[in-house]
Number of protein chains: 2
Amino acid sequence: MREYPKPIQNLVNLFTYLPGVGPKTALRYVFYLLKQPKGTIESMARALTELQLAVTSCTVCKTYTTQDMCEICRDSKRDRTVICAVAHPRDIGTIESAGFRGRYHVLGGTLSPIEGITPDTLEINSLLKRLTDEPAVSEVVLAFNPDIEGEATIMYISKLLKERHLKASRLARGLPAGSDLEFADEVTLGDALNRRWEV
Amino acid sequence: MREYPKPIQNLVNLFTYLPGVGPKTALRYVFYLLKQPKGTIESMARALTELQLAVTSCTVCKTYTTQDMCEICRDSKRDRTVICAVAHPRDIGTIESAGFRGRYHVLGGTLSPIEGITPDTLEINSLLKRLTDEPAVSEVVLAFNPDIEGEATIMYISKLLKERHLKASRLARGLPAGSDLEFADEVTLGDALNRRWEV
């Protein structure tokens with residue numbers, strides 16, 4: 001593909017880092033931006049800077065937040081007896097939309113020794129510490145994608161929880177195997193939440 | 001969909017302005033960026049700022065450039081007798097890759113009265129002025145998408161060129177009708193360039 005002026009090529013190259021974006025799509029984005037009022041590009045640059053400056057991890061559940069603790073951890077109306085462990089911050093939105101009203105713990109991924117994701121690289125220790133600090137919690141819902149890594153993570157954590165005489169549960173096997181939690185419809189996910197079972 | 005912390009939601013909203021990007025894809029982009037080393041977000045913010053500051057229109061052919069005149073207009077090895085009129089700057093890359101080595105003129109779109117794109121809103125006057133200023137030019141290739149708007153633009157401009165006793169040509173009808181020039185393969189486009197005809 002032809003090389004464009006440097007400021008255009010730079011942004012095209014950076015856009016291709018985004019998931020699912022190739023050089024043609026990246027070019028389309030940049031040309032689209034160039035046709036917008038100058039304010040649009042400025043807003044996007046500012047939003048990126050702010051994203052990087054303002055967003056940190058919740059000290060309790062490790063999701064993204066702009067404060068010390070995230071909104072859900074600060075919400076006194078939440079069920080304090082149940083924690084839903086998820087792989088990624090984006091999963092919280094999905095579980096919330098299915099009607100769950102407990103609190104969360106974000107592991108940062110699921111076990112995958114091939115990719116170098118071992119228990120130490122995930123927020124499993126902080127989850128165990130949290131369970132010691134919060135004796136009100138009686139159940140942990142292990143809500144991972146129903147794939148090999150997710151199943152391995154469920155097995156690994158449920159064993160640790162049983163040793164501590166805590167209830168571990170998993171989403172009902174209502175989700176099609178190999179699919180992605182992010183794209184499950186709310187009804188199926190709601191069923192899977194309601195019919196979660198102990199492991 | 002659940003509302004995320006403001007800096008995240010802001011960028012999600014801005015990303016949904018990009019062509020073909022909905023809220024889920026935008027969210028995916030933002031969460032992806034949050035997982036990258038901080039330098040990535042910073043580079044993107046800087047690239048956007050630079051894009052907006054550094055990129056202007058070529059004074060001659062109206063394509064995007066960082067200088068007064070674009071690289072192609074400054075290239076002394078180009079065939080000075082032929083100008084290829086295109087709708088968008090991105091079309092230049094496509095025509096270049098098919099082997100054209102003349103110069104260009106970017107109209108900024110094709111005629112579409114319904115969308116308010118009339119001859120006055122396009123760079124047609126600047127093209128005519130350029131043809132007066134550069135008597136060496138003997139032919140204008142009208143390289144627009146073979147759709148209704150493109151055909152109308154070819155008809156409109158070819159009439160103006162004939163009045164000025166200049167040769168107007170169009171890409172050979174080798175392109176499938178209704179398709180998009182951007183996605184044509186180089187061989188088909190090369191044929192269409194070689195077999196362009198006078199109108």
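Quick summary incoming for the structure in this document.

About the thresholds
Residues numbered from 1 in each chain as written. Chains lettered and ligands numbered in written order. Predicted model: local features only at pLDDT ≥ 70, side-chain atom pairs only at ≥ 80, totals over all residues. Heavy atoms only, no water. Helix = DSSP H or I, 4+ residues; strand = E, 2+ residues; numbered from the N terminus. Buried < 20%, exposed > 50% of the residue type's maximum accessible area, 1.4 Å probe, protein only. Contact = heavy atoms within 4.5 Å. Axes fitted to C-alpha atoms, helices over the stretch in contact; angles between N-to-C directions. Parallel < 35°, antiparallel > 145°, perpendicular 65-115°, else oblique. Left-handed = near helix turned anticlockwise from the far one by under 90°. Nonpolar A, V, L, I, M, F, W, Y, C, P; charged D, E, K, R; others polar. Salt bridge = Lys/Arg side-chain N within 4 Å of Asp/Glu carboxyl O. Buried area = accessible area lost by both parts, 1.4 Å probe. Polar contact = N/O pair within 3.5 Å; in protein donor to acceptor, adjacent residues only side chain to side chain. Least-squares fit on C-alpha atoms with pLDDT ≥ 70 in both. Core = buried A, V, L, I, M, F, W, Y, C linked by side-chain atoms within 4.5 Å.

Once that is clear, we can look at the overall build of chain A. Assigned secondary structure in chain A consists of eight helices and seven strands. Overall, the C-alpha framework of chain A stretches about 65 × 35 × 35 Å when taken along its three principal axes. Looking at chain A as a whole, 50% of its 199 residues qualify as buried. Expressed as a percentage of contacts within chain A between residues at least 6 apart in sequence, the contacts between residues at least 24 apart total 51%.

Relative to each other, helix α1 (residues 6–15) of chain A and helix α3 (residues 38–54) of chain B sit at 150°, their axes nearing to 9 Å. Here α1 of chain A is positioned roughly antiparallel relative to α3 of chain B, judged by the angle of their axes. At the point where α1 of chain A passes α3 of chain B, the crossing takes the left-handed sense. Between α1 of chain A and α3 of chain B, the residues in contact are P7, I8, N10, L11, L14 and F15 of chain A and S43, M44, A47, L48, E50, L51 and A54 of chain B, respectively. In terms of residue class, the contact of α1 of chain A with α3 of chain B is built from 10 nonpolar, two polar and one charged.

Let us look at the pattern of salt bridges. Residue and element names in this part refer to chain A. Per the counting criterion, the structure on display carries 20 salt bridges over all chains. Here R78 and D75 are joined by a salt bridge, their closest N and O atoms 3.3 Å apart. In this structure D75 comes out as partly exposed when scored by relative accessible area, which is 25%. Overlapping salt bridges, with partners in common, bring together D75, R78, E96 and R101 in one network.

With 49 residues of chain B in contact, the opposing surface of chain A contributes 49 residues. Together chain B and chain A conceal approximately 5000 Å² of surface at their shared face, both sides included; 70% is due to carbon and sulfur atoms. Linking chain B with chain A are seven residue pairs in polar contact (both at pLDDT 80 or more). Mapped onto the side of chain B that touches chain A, the elements with two or more residues apiece are α1 (6–15), α2 (23–35), α3, β2 (64–65) and α5 (89–97) of chain B. No other element matches α3 of chain B, which puts 13 residues into the side of chain B that touches chain A. Broken down by class, the residue content of the side of chain B that touches chain A amounts to 30 nonpolar, nine polar and 10 charged.

A separate point is the relation of the copies chain B and chain A. For the pair chain B and chain A, the best superposition has an RMSD of 0.1 Å and corresponds to a rotation of 180° with a translation of 0.0 Å parallel to the axis. The relationship between the two copies is best expressed as a two-fold rotation axis. Using C-alpha coordinates, one finds that chain B approaches the rotation axis most closely at A45 of chain B, a distance of 2.1 Å. Comparing interface residues between copies, 100% of those in chain B also lie at the interface in chain A; the contact surface is shared.

This paragraph deals with the side chain of E139 of chain A. All names here are of chain A. Residue position: E139 is located in strand β5 (residues 139–142). Here E139 falls in the buried class, since its relative accessible area comes to 9%. The residues touching E139, leaving out its near neighbours within four places in the chain, are T81, V82, I83, K167, S169 and R196.

Let's shift gears to the nonpolar core. Counting residues in hydrophobic clusters, the biggest one holds 46 residues, and the most contacted among them are I8, L11 and F15 of chain A together with I8, L11 and F15 of chain B. Broken down by secondary-structure element, the contributors of at least two residues to this core are α1, α2 (23–35) and α3 (38–54) of chain A together with α1, α2 and α3 of chain B. In this view, F15 of chain A contacts V21, A26, Y29, V30 and L33 of chain A together with M44 of chain B; residues no more than four positions away in its chain are not counted. Core analysis: the next-biggest nonpolar cluster, separate from the first, contains 23 residues, C61, C70, V82 and L181 of chain A among them.

Purely geometric stuff here, so don't read any function into it on its own.
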